[in-house]
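Summary of the model geometry
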Amino acid sequence: MIYYLQFAKNVFQSKLAYRMNVFLSILHRIASLFVEVSIWSAIISQTGKISTVMGMIGLKEMVTYAILSTGISIIISSNTILEFENKIRTGQIAMDLIKPMKFKLYLFFENLGNNLFKITFELIPVVIVGILCFGIDIPSKENAFFFFLTLINGMIIYFILTCILGQLSFWLLTVWHLDKLLNDMLKIFSGRFIPLWFFPKIFITISAFLPFRLIYFSPMSIYLEKVSSIEVGNILIQQIGWILILFIIDMILWKKGIKKLVVQGG
Amino acid sequence: MKSLTLYLKFISIYLKCRLEYRVAFILDILMPIFSYSINYLTIWIILNRFSSIRGWDFNQIMFLYTINLFSYGLAGIIFYTPMRSLDSLVKKGDFDMFLTKPMNPFLHLINRQFEHIFIGHLILSSIVFLICLGNLNITWSVLKVIWLIFVLFGATLIQGAFMIITGSLSFFYTNSTSVASSILNSLRGFIDYPISIYNKGLKILLTFILPYGFISFYPSKYFLNKSNDEIFHYLFQYATPIVGILLFILSYKVWLLGVNNYKSTGS
């Protein structure tokens, strides 16, 4: 386990080498947060509170929503898919496979290092700016606990999804299209930008069949205290169900993919 | 003129090479179409629920967004990939090649690579534009059509100028282009919606410092007959082509500064 942590440390340190990038990505995050908050304040200031299926929504709640969802997008974004593609195409995966380690765990810990870096140098600055400029709602202790719990589950769902798509490069030439596709699906069906309570009915129905809302929308609706405790349990069950399903798909693909893998030269 | 014929030649070679992989080529073009359709869809969801943002209804915001997308696509075809590739060219020292050829390095770099992915942007924005036109009550005259072409030209120059400036950053900071271009994307996000929804500071920023407002917001105000409730002068509606030319000249100066700063790694 210790040496897996070393992978996380390596990523952290190598990212630290490019300071300009760190600065620019903070700017990038803050800029998009400003856009979101401005849109919601323009909309809500003209109508006051908005009644939805999940209760009244005020401006402060939407601002909190925007800050949280920016935060989640920071810790969630990863390049697992492209890394898979790169390793399989160049044949480097052969080298990784003969090392005494589990390839997926290695990816997971690399991701972890990446995340720790982004939490320190992107999430914390952006959240601080968000709180100072706009303010944020604080949930009850219980909701905060379930928020983090469902958030972690959501991150696991996202990680397995990227693994599944990345592994498709065993069969496909390029998978960057799939990477974009996943992001586009997330953009709309996860509630990343628009909370599901503003959706037309048909989109709510579609998103109920997809795992994406469990990554963004469900944790945030718990944070904003829009769901009852029964529904919290429901969300947890759905998340665990999706994790199991995706995990099984992932295992099957991995077994088949490794068998199919042919590395030339290297 | 000579470089134009050369450019056409380069494009035809590029296309021949890409069309070897037909499926990949078509997927490359379909991808942005899908991606930006999703963006249009998010705008639709919001406007479907709230009917207007600060007096701008769905079709008007689509018009605004479409000018942005079209000019971005046009600029992207020409400038995006050359400027993105600059990063590795500088890092590996391959930029030497451009300095030793009997041609302006800027033109050479741009000639050499063309980006077919952005054809998708152009297709989608043209379709949406036609749909929009049916729903908007704009009385078109010859003058207005000519003005629209000028606006698109100016807007494309603004978008291109930003691509050139961020690309030239790699002469000063290694590994900066990918992040810089994601910043550009988020800045472009600012003008997905009318900039009248932002506070004063952001309006000043988007008008004078990063003149993104001139790409779509100010010209749309003219076409959509929006009253001038802004803090800025109404003449700004007509400024897009001038801002485009000035900004493009500025970006070329930044490029020249970068080239002068270039020291080959010598490998």
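Residues numbered from 1 in each chain as written. Chains lettered and ligands numbered in written order. Predicted model: local features only at pLDDT ≥ 70, side-chain atom pairs only at ≥ 80, totals over all residues. Heavy atoms only, no water.

This next bit is on the overall build of chain A. Scanning chain A from terminus to terminus reveals 11 helices and two strands. If you list the helices and strands of chain A from N to C, you get α-α-β-β-α-α-α-α-α-α-α-α-α. Compactness check: chain A gives a C-alpha radius of gyration of 20 Å against a globular reference of 18 Å for 266 residues, within 12% of the reference. Counting only C-alpha atoms and orienting by the principal axes, one finds that chain A spans roughly 65 × 40 × 35 Å. (Helix = DSSP H or I, 4+ residues; strand = E, 2+ residues; numbered from the N terminus. Rg over C-alpha atoms; globule rule 2.2 N^0.38 Å.)

Turning next to the overall build of chain B. Along chain B, the regular secondary structure elements total 11 helices and zero strands. Listing every helix and strand of chain B by position from the N terminus yields α-α-α-α-α-α-α-α-α-α-α. Taking 267 residues into account, the globule formula puts the C-alpha radius of gyration at 18 Å, and chain B, at 19 Å, falls close to it. Seen along its three principal axes, the alpha-carbon backbone of chain B occupies a region of about 60 × 40 × 35 Å. When each of the 267 residues of chain B is scored for burial, the buried share is 55%. Sequence separation of at least 24 residues holds for 76% of the intrachain contacts in chain B that already meet a minimum separation of 6. Measuring between centres, the 20 positive side-chain charges of chain B sit 4 Å from its 10 negative side-chain charges. (Buried < 20%, exposed > 50% of the residue type's maximum accessible area, 1.4 Å probe, protein only. Contact = heavy atoms within 4.5 Å. Lys, Arg positive; Asp, Glu negative; His and termini not counted. Charge placed at Lys NZ, Arg CZ, Asp CG, Glu CD.)

Next up on the list: the interface of chain B and chain A. On the side of chain A, 34 residues touch chain B, which itself brings 34 residues to the contact. Counting each side, the surface lost to burial between chain B and chain A is near 3,100 Å², with a carbon and sulfur contribution of 74%. A per-residue breakdown of the area chain B buries against chain A is headed by Met31, Ile45 and Phe50 of chain B, which together make up 19% of the total. For the interface between chain B and chain A, the tally reads three residue pairs in polar contact (both at pLDDT 80 or more). Those elements that place two or more of their residues in the side of chain B that touches chain A are helix H2 (22-50) and helix H8 (177-190) of chain B. Element by element, the count of residues in the side of chain B that touches chain A is highest for H2 of chain B, at 15 residues. Across the side of chain B that touches chain A, the residue classes tally to 20 nonpolar, 11 polar and three charged. (Buried area = accessible area lost by both parts, 1.4 Å probe. Polar contact = N/O pair within 3.5 Å; in protein donor to acceptor, adjacent residues only side chain to side chain. Nonpolar A, V, L, I, M, F, W, Y, C, P; charged D, E, K, R; others polar.)

All right, on to helix H8 (residues 176-189) of chain A then. Given a rise of 1.5 Å per residue, 14 residues ought to cover 20 Å, and the 20 Å separating the end C-alpha atoms of H8 of chain A matches this to within 8%. For H8 of chain A, the complete set of buried residues consists of His177, Leu178, Asp179, Leu182, Asp184, Leu186, Ile188 and Phe189 of chain A. In the core, the buried residues of H8 of chain A are packed alongside helix H4 (80-90), helix H7 (141-167) and helix H9 (201-208) of chain A together with H2 of chain B. Among the residues trailing H8 of chain A, Gly191 of chain A stands out with phi positive, at a value near 80°. (Expected span 1.5 Å × (residues − 1).)

Turning next to the packing of H7 of chain A against helix H11 (residues 229-260) of chain A. All names here are of chain A. With their axes 9 Å apart at the nearest point, H7 and H11 run at an angle of 20° to one another. Considered as vectors, H7 and H11 are oriented roughly parallel to each other. You can see that H7 and H11 cross each other, and the crossing is left-handed. The segment H7 lies against H11, with Phe146, Leu149, Thr150, Asn153, Gly154, Ile156, Ile157, Ile160, Leu161, Cys163, Ile164 and Gln167 engaging Val232, Ile235, Leu236, Gln239, Trp242, Ile243, Leu246, Phe247, Ile249, Asp250, Leu253 and Trp254. (Axes fitted to C-alpha atoms, helices over the stretch in contact; angles between N-to-C directions. Parallel < 35°, antiparallel > 145°, perpendicular 65-115°, else oblique. Left-handed = near helix turned anticlockwise from the far one by under 90°.)

Time to look at the packing of aromatic side chains. Under the counting rule described, the total for this entry stands at 50 aromatic pairs over all chains. Among the aromatic side chains, those forming a connected cluster through ring pairs are Phe63, Phe129, Trp140, Trp147, Phe150, Tyr222, Phe223 and Tyr238 of chain B. Lying over the aromatic face of Phe193 of chain A, Arg192 of chain A brings its terminal NZ or CZ to 4.3 Å of the ring centre. Sitting above the plane of the Tyr222 of chain B ring, Lys144 of chain B keeps its charged end 5.9 Å from the centroid. (Phe/Tyr/Trp six-rings, centres within 6.5 Å; stacked < 30°, edge-to-face > 60°. Lys NZ or Arg CZ within 6 Å of the ring centre and 35° of its normal.)

Residues and elements named next belong to chain A. Inspection of every chain in the model, using the stated rule, returns nine salt bridges over all chains. Of the charged contacts, one joins Asp250 and Lys104 as a salt bridge, the two residues approaching to 3.0 Å between their closest N and O atoms. Remark: Lys104 occurs in helix H6 (residues 103-134) and Asp250 occurs in helix H11; sequence separation between them is 146 residues. Just as Asp250 is buried, Lys104 falls in that class too. Here Lys187 and Asp184 are joined by a salt bridge, their closest N and O atoms 3.8 Å apart. Of this pair, Lys187 and Asp184 both sit in helix H8, three residues apart, roughly one helical turn. (Salt bridge = Lys/Arg side-chain N within 4 Å of Asp/Glu carboxyl O.)

What follows concerns the confidence of the model for chain A. With 98% of its residues at a pLDDT of 70 or more, chain A has an overall mean of 86. Confidence, read as mean pLDDT per element, is least for strand E1 (residues 50-52) of chain A in chain A (75) and greatest for helix H10 (residues 217-223) of chain A (93). (pLDDT = per-residue confidence, 0-100.)

Glancing now at the nonpolar core. Formed by 152 residues in total, the largest nonpolar core has its most connected members in Phe198 of chain A together with Ile53, Leu86, Phe190 and Trp255 of chain B. Take this core: its biggest share by element is 15 residues, from helix H3 (residues 58-92) of chain B. With near-sequence residues (within four places) excluded, Phe198 of chain A lies in contact with Trp40, Ile50, Thr52, Ile57 and Met62 of chain A together with Ile45, Arg49 and Phe50 of chain B. Membership of the second largest hydrophobic core comes to 14 residues, among which are Phe7, Ile88, Leu107 and Phe159 of chain A. (Core = buried A, V, L, I, M, F, W, Y, C linked by side-chain atoms within 4.5 Å.)

Unlike most non-glycine residues, Glu225 of chain A shows phi in positive territory, near 60°. Within the chain, Asn225 of chain B stands out as a residue other than glycine whose phi angle is a positive 55°. Relative to the assigned elements, Asn225 of chain B resides in the loop between helix H10 (217-223) and helix H11 (240-261).

The residue Glu61 of chain A is located in helix H3 (residues 59-76) in this model. Setting aside residues no more than four positions away along its own chain, Glu61 of chain A makes contact with Met56, Asp137, Leu224 and Lys226 of chain A.

Another point: a nonpolar patch on the surface. Residue and element names in this part refer to chain B. The grouping of Phe153, Ile242, Ile245, Leu246 and Ile249 at the surface amounts to a nonpolar patch, some 500 Å² of accessible area in total. Broken down by element, the nonpolar patch gets its largest block of residues, four residues, from H11. Mapped onto the secondary structure, Ile242 falls in helix H11. For Ile242, a relative accessible area of 53% gives the class exposed. (Patch = residues over 30% accessible without salt bridge, like charges linked within 9 Å, V, L, I, M, F, W, Y side chains within 5 Å. Areas by Shrake-Rupley, 256 points an atom, 1.4 Å probe, with all protein chains shown as cover.)

Locating Phe129 of chain B in the fold gives a position in helix H6 (residues 119-135). Sequence-distant contacts of Phe129 of chain B, defined by excluding residues within four places in its chain, comprise Phe63, Thr66 and Leu148 of chain B.

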